[in-house]
Amino acid sequence: KVWFQEQAQSPWQKATVTSLSQDGATATLDCDGRTLQAPAASCHLQNPENDVADDMVRLMHLHEPGVLHNLDVRYAKDNIYTNTSSILIAVNPFKPMPHLFETGVLDQYRKGISMRSTKAAEAAAAL
């Protein structure tokens, strides 16, 4: 299973590679069954089906379509904050989300940040 891009600016689509050659890859699109050819460089392995992470360094394959898919799945579940190590990615929800500012949620983020800071400090001290 791969992410397949027909042209440079076209969206990434899920596909199954049916053959590889020096000319590139032939893949069948999962959405409509069309068979397409493209350079092998325009194919990226998909992460396992349920591999959606709040910290994307945990993804098996970290590349453009994998990152976009992870953000899209999390966004659909109103999870607008996603980390990539110490980098926070926020996706605008285009709607009010007052539950994000409840005391319990804020406490979880504070604990997560302090735990991450402690681990980073311990790792730096070990050097």
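Structure shown above.
Predicted model only: the values in this text are computed from it and were never measured.

### Here we look at the pattern of salt bridges
Thinking step 1. If you walk through the whole model with that rule in mind, you get five salt bridges.
Thinking step 2. With a closest N to O distance of 3.7 Å, Glu49 and Lys14 form a salt bridge. In this pair, Glu49 sits in the loop between β5 (43–45) and α1 (64–76) while Lys14 sits in strand β2 (residues 13–21), placing the two residues 35 residues apart along the sequence.
Thinking step 3. In this structure, Arg58 and Asp54 form a salt bridge, with 2.9 Å as the shortest nitrogen-oxygen distance.

### Notes on the side chain of Ser42
Thinking step 1. If you trace the backbone, Ser42 turns up in the loop between β4 (35–38) and β5.
Thinking step 2. One polar contact links the side chain of Ser42 to the main-chain carbonyl oxygen of Pro39, over a distance of 2.7 Å.
Thinking step 3. Those residues in contact with Ser42 that sit more than four places away from it in its chain are Trp3, Phe4, Gln5 and Trp12.

Here is what the cut-offs are and how they apply
- Residues numbered from 1 in each chain as written.
- Predicted model: local features only at pLDDT ≥ 70, side-chain atom pairs only at ≥ 80, totals over all residues.
- Heavy atoms only, no water.
- Salt bridge = Lys/Arg side-chain N within 4 Å of Asp/Glu carboxyl O.
- Helix = DSSP H or I, 4+ residues; strand = E, 2+ residues; numbered from the N terminus.
- Polar contact = N/O pair within 3.5 Å; in protein donor to acceptor, adjacent residues only side chain to side chain.
- Contact = heavy atoms within 4.5 Å.

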